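For reference, the chains in residue letters:
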Amino acid sequence: MDDSLCVSDCTDCPRLVDSRSRIVNGVGPTDADVVFVGEGPGETEDAEGEPFVGRSGTVLDDALRDAGLAREDVRITNSVRCRPPENRDPRSGELDNCRRHLADELAAIDPEIVVALGKVPAQNLLERSVAVTSEAGDVADARVGDASYRVLICVHPAATLYDGSQKETFQSTIQTAAELAGDGDDGSGQARLGEW
Ligand code: URA
């Protein structure tokens, strides 16, 4: 991994310093067309040092594969890099503290599309309240650091585990991400359209 994208020592959030075992950095190519942004590491991610490797990660990996994308070809990161205590949502001050790390990562990668996996990353990126179920599949512009990005709103993969009706929404949004990144199965993405 490009070390400039790796945060190796940060003590900005004292509560998270106490609850984390390690800092969980993003994974995936530094020239990825698509960056998935989750909420923050859970127990498994904290133990293994990689985002989305627990049950939510399996849901994400399956949806990526069904959309013609491999986990290895996309960038996966989180809004905060340290596990909050008892898996609570990250607090606004913690999201603010970690925003510079996300801004650096997005600036270095400069993706075609950023996918917000759930309400917390969607609200953090777009800096407004988001009704994630009804807005899933919508694309909006977000300013992060010194740059603007297209953000695709998606339900969190864990939502599909608790509410089966969210599965179709999740899968179709991941398919949209693949198409916007130009990598979809049906070849209807930007890269392919640009050839004509
Ligand atoms: N949920 C998240 O939002 N991020 C992870 O890395 C794992 C689960």
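Asks: Would you take a moment to explain the site of the ligand for this structure?
Replies: With respect to spatial proximity, the complete set of residues near the ligand consists of Gly38, Glu39, Gly40, Glu45, Pro51, Phe52, Asn78 and His156. Between the ligand and Phe52 there is a distance of 3.0 Å, counted from an oxygen atom to a backbone nitrogen or oxygen. Look at the ligand: alone it shows 240 Å² of surface, and the protein chains cover 92% of it. Of the residues that constitute the shell around the ligand, the class distribution is two nonpolar, four polar and two charged.

Asks: Can you help me understand the pattern of salt bridges in this one?
Replies: Between side chains of opposite charge, a pair can form as their charged atoms come close. For the structure shown, the criterion picks out nine salt bridges. Linking Glu105 and Arg75 is a salt bridge whose minimum nitrogen-to-oxygen distance equals 2.8 Å. Here Arg75 lies in strand 2 (residues 75–78) and Glu105 lies in helix 4 (residues 92–109), a separation of 30 residues in the sequence. In this structure, Glu105 and Arg75 share a single accessibility class: buried. Arg128 is the salt-bridge partner of Glu135, the closest N and O atoms lying 2.9 Å from each other. Arg128 sits in the partly exposed class, given a relative accessible area of 36%.

Asks: Can you walk me through the environment of His156 in this structure?
Replies: Take His156: it is sitting in the loop between strand 5 (147–154) and helix 7 (159–162). Given a relative accessible area of 19%, His156 falls into the buried group. Those residues within four positions of His156 in sequence are excluded, and the remaining contacts are Phe52, Ser56, Leu117, Gly118 and Phe170.

Conventions used here
Residues numbered from 1 in each chain as written. Predicted model: local features only at pLDDT ≥ 70, side-chain atom pairs only at ≥ 80, totals over all residues. Heavy atoms only, no water. Near = heavy atom within 4 Å. Polar contact = N/O pair within 3.5 Å; in protein donor to acceptor, adjacent residues only side chain to side chain. Areas by Shrake-Rupley, 256 points an atom, 1.4 Å probe, with all protein chains shown as cover. Nonpolar A, V, L, I, M, F, W, Y, C, P; charged D, E, K, R; others polar. Salt bridge = Lys/Arg side-chain N within 4 Å of Asp/Glu carboxyl O. Helix = DSSP H or I, 4+ residues; strand = E, 2+ residues; numbered from the N terminus. Buried < 20%, exposed > 50% of the residue type's maximum accessible area, 1.4 Å probe, protein only. Contact = heavy atoms within 4.5 Å.

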